[in-house]
Amino acid sequence: MAIQVKCFDEEHELDLETVVNEFLKTLPYQSVVDIKYSISHFSDTEGQVYSYSAMVIYET
């Protein structure tokens, strides 16, 4: 077995939830080792920009 990661980054938390849940559906049962979650933000000319990200660690 090997450990792999899949990273996701979205501007809206519900979009992140959707893409992570869709990916999790493709994995075999009990293959997820951990999920790391992070939020960051910065300002640009249009205002605040948010980045919601997750890293899924899983076994293959």
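Refer to the preceding data block for the structure.
Residues numbered from 1 in each chain as written. Predicted model: local features only at pLDDT ≥ 70, side-chain atom pairs only at ≥ 80, totals over all residues. Heavy atoms only, no water.

## Details of the sheet that holds strand β1 (residues 3–10)
Remark on secondary structure: sheet strands pair via backbone hydrogen bonds, oriented parallel or antiparallel. Spelled out, the test is: Only strands joined by at least two bridges in the DSSP assignment are considered to pair. Helix and strand definitions here come from DSSP, where helices need a minimum of 4 consecutive H or I residues and strands a minimum of 2 consecutive E residues; each element is numbered from the N-terminal end. Think of each axis as a best-fit line through the C-alpha atoms, taken over the contacting stretch in the case of a helix, with angles from 0 to 180 degrees between the N-to-C directions. The contact criterion used is simple: two residues touch if any of their non-hydrogen atoms lie within 4.5 Å.
Pairing is antiparallel across the open sheet formed by three strands, whose spatial order is β1-β3-β2. Each of the sheet's edge strands pairs with one partner strand only, and the pair in question is β1 and β2 (32–44). Strand after strand, the sheet turns through a mean of 15° between neighbouring axes, direction not considered. Summarising the sheet, β1 and strand β3 (residues 47–59) pair through eight bridges and their orientation is antiparallel. Counted as the bridge partner of phenylalanine 8 is alanine 54 from β3. Seen against the sheet, helix α1 (residues 13–25) touches β1, β2 and β3 and runs at an angle of roughly 15° to β3.

## A word on the nonpolar core
As a rule of thumb, soluble globular proteins bury nonpolar side chains together. Our working definition: Nonpolar cores are built from buried Ala, Val, Leu, Ile, Met, Phe, Trp, Tyr and Cys residues. Side-chain atoms within 4.5 Å join them into one set. Burial classes follow relative accessibility: with a 1.4 Å probe on protein chains only, a residue under 20% of its type's maximum area counts as buried, one over 50% as exposed, and anything between as partly exposed.
Membership of the largest hydrophobic core is limited to nine residues, which are Phe8, Leu16, Val20, Phe23, Leu27, Tyr52, Ala54, Val56 and Tyr58. When residues of this core are traced back to their parent elements, those giving at least two are α1 and β3. Counting residues per element, this core draws most heavily on β3, which supplies four residues.

So yeah, pure geometry; function would need other evidence.
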